[in-house]
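Structure assessment
Here's the letter readout for the chains.
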Amino acid sequence: WWDERVSARFRRNLQPTLTYWSVFFSFGLCIAFLGPTLLDLRCQTQSSLSQITWVFFSQQFCLLLGSCLGGVFKRTLAQSLFALFAASLAISLVFAIIPLCHNVVVLAVVMAVAGLAMGCIDTISNMQLVKIYQKDSAIFLQALHFFVGFGALLSPLIADPFLSDTNCILSNATANASSNLPHIRKSLVPHHPGNLSHYDLPMKGMVVTHVSYAFWIMALINLPVPIAVFFLLYKERMVPCFNSSSHPLLSADELAMETRPAEKDDLSTTVQRPQTARGHDDLFSCCQSKNFRGASYTYFAVHITGALVLFMTDGIVGEYSGFIYSYAVEEPLSVVHKVAGYLPSLFWGFITLGRLISIPVSYRMKPATMVFINVVGVLVTFLLLLIFSYSVVFLFVGTACLGLFLSSTFPSMLAYTEDILQYKGCATTVLVTGAGIGEMVLQLLVGSIIHDQGSYSFLVCGMIFGGLAFTFYAFLLFFHRMYPKPSSDMDAASPDKPAVMDDTGLYQR
């Protein structure tokens, strides 16, 4: 169902592609477990609810920091793979160490390490797949982001059998406090803890929790991931004891054969090799003035508008998953707590389903078209949610639709923006950073607005963010039309040829 050229490239890069996909599974496994297990971790550390929710902040902040710094470790394939090996191994170690953390500060530090590892995984895996497949990267990026959704669904399912049914700190106040437990647990969804200051749970007493087993199981499930990265290092002779006679995963000549006419190989390679060092740097390298020399204003505009689209859409993912439960249980819907608890799971389930559907769809549909459908779908869904704001049934339908429309936005935008810039800019780094900032900032903003204006403002904020995402995407389309086309002397026969500019230095050591 895809052409032989893409199939041949996939077969040639099968091991690294599967390795990057598996590493993103680690990312998903780590991002979603904290919400449902946080109350048991509160008991383990004997801390207050307000204290334990700082663990969310430490993970999310360091995830953003790791995304910014991830490009430092990916200037060569060896650095990238060693960074991915360390990051995926760190996640397994974090899962194993969490049950031993009996102080909330220690737990926050451990989760900060996990956040740094997740940030490196996010940046490096996206960049490496873009480097390997370039104009064919959309379908592989969709599959990559399916694995993070799959991991995010799996970790709460693993944790669920080991969660405490009653308050896990036994004291005289336990009987009264346990009645609040279902509401609090469903409020602690992935990415954002709700306002829990008005709930009182005992902090002293005998701790009774079995959540440690869940973390050890997740550590074992994740262990094959660093092993897979190590095998890739071993195959490429990058392990220090086996570093002789190393060969690139995919040579420059083979990449060139796949993407440009054979008779022009020598000329193109000679002309383009000096430019291979540019692009796909870390955020700080991207900001150096030498990268701006000779660049048109549209070069910066494409980076900025692409990042702003993901700032809004990833921010919507974070704020919707974080506050949909609180919105549903308040007036005017007043959904019972047990039923409302399914809404975050429904949202993430349809995000995962949408990413799975997007894998074959992205092969037949251009990334620009997919992003347009996504942002329009998000805007229309929020409009209908506002119109039918008194309907519980439509709240579930709208949540599912929103998950589907948001699912493929990030990989499609990444493929589209890199394609505009001919794989010479810093789009991957800027977009990953913009998405991370949006997810953190919009959650805090929406939380404060809901606290001041009431639950109805939750949908109004979503509508505004969706409208801004559509507006920024319209600007991106405009700047795409204005962006300088490849020079005619290098592009007379093949308009897609400049996309190969990074090929000749793809796997430098």
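Under an unreviewed UniProt entry, the protein chain has the name MFD4A protein and belongs to Casuarius casuarius. Quoted verbatim from the Sequence similarities (unreviewed entry) heading of the UniProt record, the comment on the protein chain is "Belongs to the major facilitator superfamily." Quoted verbatim from the Subcellular location (unreviewed entry) field of the UniProt record, the comment on the protein chain reads "Membrane".

Observations regarding the confidence of the model for the protein chain
On average, the protein chain scores 76 in pLDDT, and the residues at 70 or more come to 74%. Mean pLDDT across the secondary structure elements of the protein chain bottoms out at helix 14 (residues 265–272), with 34, and peaks at helix 19 (residues 367–387), with 94. Here residues 244–280 is a poorly scored stretch, pLDDT under 50, and it has 76 contacts once near neighbours within four places are set aside; other chains count. Taken as a whole, residues 488–509 scores under 50 in pLDDT and shows 65 contacts with residues more than four places along the chain or in a different chain.

Re unusual backbone geometry
One non-glycine residue, Gln134, lies in positive phi territory at about 45 degrees. Mapped onto the elements, Gln134 comes out in the loop between helix 7 (104–133) and helix 8 (137–159). By relative accessible area, Gln134 is classed as buried at 4%. Here the phi dihedral of Ser334 falls at roughly 50 degrees; this positive angle occurs in a residue that is not glycine. Examined against the element boundaries, Ser334 turns out to sit in the loop between helix 16 (297–329) and helix 17 (337–340). According to the relative accessible area criterion, Ser334 is partly exposed, its value standing at 36%.

Some words on the packing of aromatic side chains
Under the criterion given, the structure shown has 24 aromatic pairs. Judged by centre distance (5.8 Å) and plane angle (15 degrees), the ring pair of Phe57 and Phe61 falls under stacked. Taken together, the positions of Phe57 and Phe61, both in helix 5 (residues 54–69) and 4 residues apart, correspond to about one turn of that helix. What makes Phe57 partly exposed here is its relative accessible area of 39%. When the ring of Tyr133 is compared with that of Phe140, the centres are 3.7 Å apart and the planes differ by 10 degrees; the resulting orientation is stacked. Given a relative accessible area of 0%, Tyr133 falls into the buried group.

Conventions we followed
Residues numbered from 1 in each chain as written. Predicted model: local features only at pLDDT ≥ 70, side-chain atom pairs only at ≥ 80, totals over all residues. Heavy atoms only, no water. UniProt positions renumbered as here; feature names shortened; annotations may be inferred. pLDDT = per-residue confidence, 0-100. Helix = DSSP H or I, 4+ residues; strand = E, 2+ residues; numbered from the N terminus. Contact = heavy atoms within 4.5 Å. Buried < 20%, exposed > 50% of the residue type's maximum accessible area, 1.4 Å probe, protein only. Phe/Tyr/Trp six-rings, centres within 6.5 Å; stacked < 30°, edge-to-face > 60°.

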